[in-house]
Amino acid sequence: MMRLPLAVLVLGVLTAFPLASCGDDDGSAEPPPDGLTELEAEGLALVQAKGCASCHGLDGQGGVGPGWIGLAGSEVVLDDGSTVEADADYLRRALIEPNAEIRAGFAAVMPATPLTDAEVDALVAYISTL
């Protein structure tokens, strides 16, 4: 019987059985879509899962509810004629207390949806990308 050097045997075993990936990543996570950060991608997933897209549009183009495209940082006219900057605080309020400040031209129909602080952060991050 032919004897192979130990190094050749070890190399053969290593190539026959691929090594598991290093670190905490199990290799199953997909990269965020369209160049979004993980937080922004979580926000997009929430838009789909929580039903936001049915009124605000999947891409934030609007519909029954106001659009989100260009919203972050803009001046928003409210139904009482006042204006407010659509900064992160405004977006958080709109998500947590949706009928506290109604945008002009829209009815107060958005339901209060229970959201964690992390979910609110993710939604604000996603809306801010549009």
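Refer to the preceding data block for the structure.
These remarks concern the structure in this document. Numbers given for residues are sequential positions, taken from 1 along each chain in its written order. Under the rules for a predicted model, residues below a pLDDT of 70 receive no local features and side-chain atom pairs below 80 are neither given nor counted, while totals for whole chains, interfaces and linings still include all residues. Water and hydrogen atoms play no part in the side-chain values, which are based on all heavy atoms of the structure.

Here we look at the layout of surface pockets
Alright, step 1. Using a grid of 1 Å spacing that covers the protein atoms alone, one calls a set of points a cavity when a 1.4 Å probe fits there but cannot get out, and a pocket when the set is open and has protein on both sides within 12 Å along at least five of seven lines; lining residues are those with an atom within 4 Å of a point. Grid points are joined across faces, edges and corners, and a volume is the space filled by probe spheres set on the points. Empty space within the largest pocket amounts to approximately 540 Å³.
Alright, step 2. Taken together, 30 residues line the largest pocket, and the ones lying closest to its centre are H56, P66, A94, P98 and M110.
Alright, step 3. If you list the elements that add at least two residues to the lining of the largest pocket, you get α3 (53-56), α4 (88-96) and α5 (117-127).
Alright, step 4. By residue number, the principal contributor to the lining of the largest pocket is α4, which donates 4 residues.
Alright, step 5. Note on residue categories: nonpolar means Ala, Val, Leu, Ile, Met, Phe, Trp, Tyr, Cys or Pro, charged means Asp, Glu, Lys or Arg, and polar means any other residue, Gly included. Classifying every residue of the lining of the largest pocket gives 20 nonpolar, 7 polar and 3 charged. Numbering of helices and strands starts at the N terminus; helices are DSSP runs of H or I of at least 4 residues and strands are runs of E of at least 2.

Quick look at the pattern of salt bridges
Alright, step 1. Counted as salt bridges are all cases of a side-chain nitrogen of Lys or Arg within 4 Å of a carboxyl oxygen of Asp or Glu. The tally for this structure, following the rule as stated, stands at 3 salt bridges.
Alright, step 2. A salt bridge links R92 to D121; its shortest N-O distance comes to 3.1 Å. Note that R92 is positioned in helix α4 and D121 in helix α5, a separation of 29 residues in sequence.
Alright, step 3. The class of R92 is partly exposed, set by a relative accessible area of 30%.
Alright, step 4. Accessible area is worked out with a 1.4 Å probe on protein chains only. A residue is then buried under 20% of its type maximum, exposed over 50%, and partly exposed in between. The class for D121 is partly exposed, based on a relative accessible area of 32%.

Some points on the nonpolar core
Alright, step 1. For this analysis, a nonpolar core means a set of buried residues of the types Ala, Val, Leu, Ile, Met, Phe, Trp, Tyr and Cys, connected via side-chain atoms within 4.5 Å. Counting 21 residues, the largest nonpolar core has V47, W68, L71, V76, Y90 and L91 as the members making the most contacts within it.
Alright, step 2. Put simply, the parts of the chain that give this core at least two residues each are α2 (38-49), α4 and α5.
Alright, step 3. Sorting elements by how many residues they give to this core places α5 first, with 6 residues.
Alright, step 4. In what follows, residue pairs with any heavy atoms lying within 4.5 Å of each other are defined as contacts. Ignoring anything within four residues of it in the chain, the contact list for W68 reads V47, C52, H56, G60, I127 and L130.

Quick word on the side chain of H56
Alright, step 1. Along the chain, H56 turns up in helix α3.
Alright, step 2. Looking at H56, its side chain comes within polar contact range of the side chain of W68, at 3.4 Å. Whenever two N or O atoms come within 3.5 Å, that pair is a polar contact, provided that in protein one can donate a hydrogen and the other can accept it, and provided that, for residues adjacent in sequence, both atoms are side-chain atoms.

So, α2
Alright, step 1. One fewer than the residue count of a helix, multiplied by 1.5 Å, yields its expected span. In a regular helix each residue adds 1.5 Å, so 12 residues correspond to 16 Å; α2 covers 16 Å between its end C-alpha atoms and thus fits that length.
Alright, step 2. The positive-phi residue at the C-terminal boundary of α2 is G51, with phi of around 85 degrees.

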